[in-house]
Structures are given as C-alpha cells and as structure tokens.
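# Observations on the model geometry
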Amino acid sequence: MSSRRLITPSERSKLDPFVVATGDASPRDQRDLMERPFFSLAKAKRTRPILYEAGDVRVEVYAVPEHGMATIWDADVLIWAASQIVEAENLGLKTSRFLRFTPYQLLIAVGRQTGAREYRLLKGALARLQATVIRTSIRQGEHWRRYQFSWINEWEECARHDGRVEGMEFVLPDWLYRGVIDRSLVLTIDPAYFRLTGGIERWLYRVARKHAGRQPKGWLFEIAHLHKKSGSLVRVSDFALQIRLIAARQPLPGYSLHIEREGRRELLRILPAKLSTDPVDGAVEALGTSHANPIWTPHAAPSGLRTHVLESNLESNLESNYCSGPVRRADNAGASAEPQSNKHSSRQQSLLLFDHKAGGKR
C-alpha cells in the first residue's frame, strides 16, 4: 500500500483574490453578528463554549485550548473585511472571499505603529479567528438546519528573509461572505465604536445599533435576557452591575442608556442620541435587491427590499427582549434600526484595536 501523503489543495487556488487597495472605507457590520453571542467578551483566554438558543435560532461557539475563543476585539478584523468588500462593490469592483492585503497598509490606515509587536497581535487575532468553530442555524434553509465554519478558513503571511511581513492573505467563510454581499444584512457603524475598550460595552453598542436605530422610543430590553444574549461568563448580578456602570458613563456613540424597573425586573432602554458621525444609521443600499443566496486581544432567502429588512428585524427583536415574561410589544412596536433613508455614510477611516489594554496608544 502506498504511504504517499494526500495533499489537499489550498482553497485560495480556487478563488480569485480580492486585493485591498485602500483602508479608507466606512466601517460596516454584519447584522447577524451584532446581537447574538458569537465572540468572547473577556480579555482572558476563554475555552468554555457558547451555547445559545432562542426559538429556531441556535448559535454554538467552540474554542481550542491552544488559542482560545475569538474575542469581540478580534471581530474588528471581520468588520474591516466587510467594510472593504462593501466599499469595493459600491465602486463596481469584483470582490471575493479571498482577501489579499499588506499589514503595513492596514496598520498605517488605522494610525498604528508598524513594529514587531503589532504584527504579532495581528497574527494572534487571525489564529484565534481560524481556530474558533461556529455552528448556527441562522440563514439556513428548511432542510439544511445547521452550518459549521470558522471565521477564517485559512491565512498566510509573506515574509522576507529578515522576518519582515510584506503581505497577508485570508479566506472568509461562505456564510459570512454571503451575509456581507447581501446589502440588507449590513449596517454602517460609528467609527467611534473601535475606541470602546470594554467587551460588554462593545457588544452593547452593536445591539443598540441593530435594534434601536433612530426610533424616538429606542428599544427596551430586560437585562437578564441581555445577559443570556451576550454569552458572558459573569453572573447575572455582576452583568447587571456592569450595565449600570456603563449607563452611568454613557460611552456608546450615538446612543444613551437608561435603567428602568418593572416590578422585580430590571430593564435597559436604549435611546438614539446625537450621532458623532452623520449618518451611521442606514443599511447599505437597503432599498436595492440582493444578489446573495438563501483585533484583537489575546485573551436567509434573498431579498434586499425594505419590507424584508423591517420584518426580519422585528422577528429577531420579539424573541430577544425578555426572558421572564411576555414581550411588551407597545414599547418596541414598529421600531427598527432602519431609517427611511438610503444615504451612504461619509468616508471614515476604519479603526481597529490591536491592544487589549485600555488607553493603549492608537
């Protein structure tokens, strides 16, 4: 019997590369990632899995001990990739799941130094994104109920003999790429998001952006259910305390937080405030039809029509506000993150965090 080793060809050999030409793109986030627990919110290494279920929505996230679970800071890499893909498509350029870019270009664009430490942080983020395994029922058809993938299928760096990295490549999973090129599933976010240092406040901004939008009454959540949706490992009481502290500081760009009580239930109301950039509340080409099918710290059937955006957002909201009683539809009825506008946000430099230390150099 032959002992020859079976060599599997790289996925990149089957894809045309999308060469990132500039870092000047307004930041965009993928709607499915904005409210459910896909990432660790802790700066310490996490290996305990995330298991989340609400109705027919299931999210499972698994980590390996060597690298730990991808963090919400690592997710900045995916936001950056989504921003570049959307910006390129807006310019009529062909895109791909296979991204090719220079770390120097990326670091300069986000106002960072280009020393060895920053490159190590970047590579650590890519390693965690590739090692984290996700299983989800989101955007799966009637017969295919569960989809499994990693945030990055493969990645590689091109280095000179002296060790200096000159280029990088990675391949996004098809699930994420389809969720980006479907314009009804992408929202612009405020660039100030990347300056948020806490994991919970970062996650909370994405929830606010997804649900509250510019609705006059904002959106109302039960804090106990927010804890479940976050995937946080802290106790509910500690989570509630952190929410109160965040509400006292009011750090979320474009939104204000208010603690309310209803009997024994503690609630959080998220209200739109004066936005620090204008606008950030529009879905990307939300009125157009879709062409899609149904950083790092160490530690759906196709349709782009407005009606589809509103309905899918309300469905997710009605299953995601309370855990100890019925949803108060009067509080959130008719609310959506989508305004009646199709303006693109102005070009903003996409910022990423490379260091988990609060107040680190940017």
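This is a predicted model, so every value here is computed, not measured. (Residues numbered from 1 in each chain as written. Predicted model: local features only at pLDDT ≥ 70, side-chain atom pairs only at ≥ 80, totals over all residues. Heavy atoms only, no water.)

Where helix H6 (residues 223-230) contacts helix H7 (residues 236-249), the two axes come as close as 10 Å, and the packing angle between them is 105 degrees. Classed by the angle they form, the pair H6 and H7 counts as roughly perpendicular. Note on element contacts: H7 touches H6 through Val-236, Phe-239, Ala-240 and Ile-243, opposite Ile-223, Ala-224, Leu-226, His-227 and Ser-230. Partitioned by chemical class, the residues of the contact of H6 with H7 number seven nonpolar, two polar and no charged. (Axes fitted to C-alpha atoms, helices over the stretch in contact; angles between N-to-C directions. Helix = DSSP H or I, 4+ residues; strand = E, 2+ residues; numbered from the N terminus. Parallel < 35°, antiparallel > 145°, perpendicular 65-115°, else oblique. Contact = heavy atoms within 4.5 Å. Nonpolar A, V, L, I, M, F, W, Y, C, P; charged D, E, K, R; others polar.)

Below, the discussion takes up the sheet that holds strand E13 (residues 265-272). In spatial order, the strands read E11-E13-E12; together these three strands make up an open sheet with antiparallel pairing. The sheet is open, and its two edges are formed by strand E11 (219-222) and strand E12 (255-262), each paired on a single side. Between one strand axis and the next, the sheet turns through 25 degrees on average, direction left out of account. In this sheet, E13 lies alongside E11 in antiparallel orientation, the contact comprising four bridges. Each residue of the ladder has a partner; that of Phe-221, found in E13, is Leu-268. Set on the sheet, helix H5 (residues 199-211) makes contact with E11, E12 and E13; between it and E12 the angle comes to about 90 degrees. Packed onto the sheet, H7 meets E12 and E13 and runs at close to 130 degrees relative to E12. (Pairing = 2+ DSSP bridges.)

With that settled, consider the nonpolar core. Membership of the largest hydrophobic core comes to 74 residues, with the highest contact counts inside it found for Phe-38, Phe-39, Leu-99, Trp-151, Phe-170 and Leu-204. A total of ten residues in this core trace back to one element, the largest contributor, which is helix H1 (residues 75-90). Here Leu-99 is in contact with Phe-18, Val-20, Trp-80, Ala-81, Ile-85, Met-168, Glu-169, Phe-170 and Leu-172, once residues within four sequence places are set aside. (Core = buried A, V, L, I, M, F, W, Y, C linked by side-chain atoms within 4.5 Å. Buried < 20%, exposed > 50% of the residue type's maximum accessible area, 1.4 Å probe, protein only.)

Turning next to the environment of Ile-72. Along the chain, the position of Ile-72 falls in the loop between strand E4 (57-62) and H1. On the accessibility criterion, Ile-72 (1% relative accessible area) is buried. Separated by 130 residues in sequence, Ile-72 and Arg-202 have C-alpha atoms that sit 7.5 Å apart. Residues contacting Ile-72, with those up to four places away along its chain left out, are Phe-39, Ser-40, Leu-41, Tyr-193, Gly-199, Arg-202, Trp-203 and Arg-206.

A few words on the packing of aromatic side chains. With the rule as written, the count across this model stands at eleven aromatic pairs. Pairing Phe-149 with Trp-151 gives two aromatic rings, centres 5.4 Å apart and planes at 75 degrees, and the pair type is edge-to-face. Overall, the relative accessible area of 7% leaves Phe-149 in the buried class. Assessed through its relative accessible area of 0%, Trp-151 is described here as buried. Pairwise contacts between aromatic rings join Phe-38, Phe-39, Tyr-147, Phe-149, Trp-151 and Trp-175 into one cluster. (Phe/Tyr/Trp six-rings, centres within 6.5 Å; stacked < 30°, edge-to-face > 60°.)

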